[in-house]
Amino acid sequence: MIIVPDDPGPAGPDEVLKAAVRRVFDGDGFLANVWHPYRQAWVERVPFRFAFIDAPEMEQPFGPEAREFLVGLIADKELRLDPVGKESTGYMPIDPYKRVLCMAFLTEQMDVGTVDYYHEGKRGAGSVKQARPVMRNIELEMIVNGWAWVTEQYAFDRETEYFEAQDDARRDRRGLWAMDNPEPPWTFKRRQRRRSRASDGQGRLL
């Protein structure tokens, strides 16, 4: 696995969310309990979706594998979630399915030993001499390990960096890029909708 050290910068409790992951739905969505700093209590079972990646649907090739990879990254862990408002949602960080759109960061102990990493557009390997905590970008880890596409519908500040990570995964045929022409999930969903509309339009004898 390739980790992606990242520093999104400091943020106050009114800008980011502290969340404890309870269930992973697929390669880009999960359920979490969220700490409410003013109520000093956990808000339970809030659905989230990553803002800038799109993993294969569960019915697609590599959909279950993408989910399993994300389970390995975040299941039962605490994350820093940065809500993301988009123009298409009126800059509210909520998608049409009532999921909170976010970027996710995991701070975890990096143990002594060798580590594969992707940082500032370069992939490399290094030796960790002393165990220390490191903050990691979960969206970029899904991309560079080959389990998600960068969303193409939205422009965002870090899209160049995200697309470079995707190109790196594609060059090395990691994850879903083992296929020659993997179908992006947005194309798959469009095709499913067309098929559904076509079957709805057919006459039924019984």
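This is a predicted model, so every value here is computed, not measured.

Caption draft 1: Molecular detail of the overall build of the protein chain. Within the protein chain one finds 4 helices and 11 strands. Taking 2.2 N^0.38 as the reference for a compact globule, 206 residues should give roughly 17 Å; the C-alpha atoms of the protein chain span a radius of gyration of 18 Å, in line with that estimate. Counting only C-alpha atoms, the protein chain reaches 70 × 45 × 30 Å along its principal axes. Taken over 206 residues, the protein chain has a buried fraction of 43%. When contacts within the protein chain are restricted to residue pairs at least 6 apart in sequence, those whose partners lie at least 24 apart make up 63%.

Caption draft 2: Looking closely at the pattern of salt bridges. In total, this model carries 19 salt bridges according to the counting rule given. In this structure, arginine 99 engages aspartate 95 in a salt bridge whose closest nitrogen and oxygen atoms are separated by 2.7 Å. A relative accessible area of 18% means that arginine 99 is categorised as buried. Its relative accessible area of 8% is what places aspartate 95 among the buried residues. We note a salt bridge from glutamate 161 to arginine 158, for which the minimum N-O separation is 2.9 Å. What makes arginine 158 partly exposed here is its relative accessible area of 21%. Taken together, the shared-partner salt bridges connect Arg123, Asp168, Arg171, Asp172 and Arg174 into one network.

Caption draft 3: Main features of the side chain of glutamate 139. Residue position: glutamate 139 is located in helix 2 (residues 138–144). This buried residue, glutamate 139, is left without a salt bridge; arginine 49 holds the nearest opposite charge, at 6.6 Å. Within the structure, glutamate 139 has its side chain in polar contact with the backbone nitrogen of phenylalanine 52 (distance 2.8 Å). Once residues lying within four places of it in the same chain are set aside, the contact partners of glutamate 139 are Phe50, Ala51, Phe52, Ile53, Cys102, Met103, Ala104 and Tyr162.

Caption draft 4: Quick peek at the environment of arginine 99. Counting through the fold element by element, arginine 99 comes out in the loop between strand 6 (78–83) and strand 7 (100–110). Of the polar contacts made by the side chain of arginine 99, one reaches the side chain of aspartate 95; its length is 2.7 Å.

Caption draft 5: Quick look at the nonpolar core. Membership of the largest hydrophobic core comes to 42 residues, with the highest contact counts inside it found for Phe30, Phe48, Ile74 and Tyr162. Those elements giving two or more residues to this core turn out to be strand 2 (17–24), strand 3 (29–36), strand 4 (41–50), helix 1 (63–74), strand 6, strand 7, helix 2 and helix 3 (159–171). For tyrosine 162, the residues in contact, after removing those within four places along its chain, are Phe52, Ile53, Met103, Asn137, Glu139, Leu140, Ile143, Val150 and Phe156.

Quick notes on the rules
Residues numbered from 1 in each chain as written. Predicted model: local features only at pLDDT ≥ 70, side-chain atom pairs only at ≥ 80, totals over all residues. Heavy atoms only, no water. Helix = DSSP H or I, 4+ residues; strand = E, 2+ residues; numbered from the N terminus. Rg over C-alpha atoms; globule rule 2.2 N^0.38 Å. Buried < 20%, exposed > 50% of the residue type's maximum accessible area, 1.4 Å probe, protein only. Contact = heavy atoms within 4.5 Å. Salt bridge = Lys/Arg side-chain N within 4 Å of Asp/Glu carboxyl O. Lys, Arg positive; Asp, Glu negative; His and termini not counted. Polar contact = N/O pair within 3.5 Å; in protein donor to acceptor, adjacent residues only side chain to side chain. Core = buried A, V, L, I, M, F, W, Y, C linked by side-chain atoms within 4.5 Å.

Keep in mind that these numbers describe shape and distance, not what the molecule does.
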